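# Understanding the architecture of this molecule
Residues per chain, in single letters:
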Amino acid sequence: TSVELSGNGYARIQVARAAGWTGAAGGSPVKVSTLAQAASPVATADWPAINAVAVVDGSGNVIAWKSLATAIYVTAGKAARIPAGAWFFYTPSV
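This section reports on the structure supplied with the text.

Parameters and conventions
One numbering rule holds for all chains: residues counted from 1, following each sequence as written. In keeping with the model being predicted, local features are shown solely for residues with a pLDDT of at least 70 and side-chain atom pairs are shown and tallied solely at 80 or more, while totals for entire chains, interfaces and linings include all residues. Excluding hydrogens and water, the side-chain values take into account all heavy atoms of the structure. Put simply, DSSP marks the helices as runs of H or I at least four residues long and the strands as runs of E at least two long, and each gets a number from the N terminus on. Buried means the residue's accessible area, taken with a 1.4 Å probe over protein chains only, is under 20% of the maximum for its type, while exposed means over 50%, and partly exposed covers the values in between. We call two residues in contact when some of their heavy atoms are within 4.5 Å. Using a 1.4 Å probe, accessible areas were evaluated by the Shrake-Rupley method; residue-level cover was limited to the displayed protein chains. What is meant by a nonpolar core is a set of buried Ala, Val, Leu, Ile, Met, Phe, Trp, Tyr and Cys residues, joined one to another through side-chain atoms within 4.5 Å. Each pair of aromatic rings taken from Phe, Tyr and Trp, with Trp reduced to its six-membered ring, is defined by centres within 6.5 Å and is described as stacked if the planes are under 30 degrees apart, edge-to-face if over 60, and tilted in the remaining cases. A pair is scored as a salt bridge if a Lys or Arg side-chain nitrogen falls within 4 Å of a carboxyl oxygen belonging to Asp or Glu.

## A short note on the overall build of the chain
- Of the regular secondary structure elements, the chain holds one helix and six strands.
- Scanning the chain from its N terminus toward the C terminus, one meets helices and strands in the order α-β-β-β-β-β-β.
- Counting only residues that meet the buried cut, the chain has 21% of its 94 residues in that class.
- Put simply, 65% of the contacts in the chain that link residues at least 6 apart link residues at least 24 apart.
- Surface summary for the chain: the accessible area is close to 6300 Å², and the carbon and sulfur share equals 54%.

So this is what it looks like as structure tokens:
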């Protein structure tokens, strides 16, 4: 069971499929990663620990998720940031 953060300025980080991800078409599986840094909105209060991240499509379906070796803590006035290429997943096709 997963629990998504809510409140305190949290919103999902949106990365457009066409311009925001790398991944060569063809072959299986395909390694897909972010092209540019992605950032959340600024937290209005401290968020609980972030222990996992997920890629979710526009319908809310989880495409991939990953537990984090070290929890991320976002404090008031800061934003969560994912550096370009730092997070990746494998998919059967692009």
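## Thoughts on the nonpolar core
- Within the largest apolar cluster, seven residues are counted, these being V30, V32, V53, V55, A64, W87 and F89.
- L5, A43, W47 and V74 belong to the second-largest nonpolar core, a separate cluster that totals six residues.

## Points about unusual backbone geometry
- A positive phi angle is found at N8, which is not glycine, with a value near 55 degrees.
- Turning to its location among the elements, N8 is positioned in the segment before α1 (17-20).

## Focus: the environment of L68
- Looking at the element boundaries, L68 is found in strand β4 (residues 62-72).
- Judged by relative accessible area, L68 falls into the partly exposed class, the value being 22%.
- Sequence spacing of L68 and V53 is 15 residues, and the spatial spacing of their C-alpha atoms is 7.4 Å.
- The residues contacting L68, other than those within four sequence positions of it, are I50, N51, A52 and V53.

## Quick notes on the packing of aromatic side chains
- Under the criterion given, the structure shown has one aromatic pair.
- On the basis of an interplanar angle of 80 degrees and a centroid distance of 5.6 Å, the ring pair of Y10 and W47 is categorised as edge-to-face. Of this pair, Y10 sits in the segment before α1 while W47 sits in the loop between β2 (38-39) and β3 (50-56), and the two are 37 residues apart along the sequence.
- What makes W47 buried here is its relative accessible area of 6%.

## Description of the side chain of S40
- Relative to the assigned elements, S40 resides in the loop between β2 and β3.
- Residue classification places S40 among the buried positions, given a relative accessible area of 9%.
- S40 has contacts with I13, W47, A79 and A80, leaving out every residue within four places of it along the chain.

## Brief notes about the pattern of salt bridges
- By the definition in use, this model includes one salt bridge.
- A salt bridge links R12 to E4; its shortest N-O distance comes to 2.8 Å.

What is shown is where atoms sit, not what they do.
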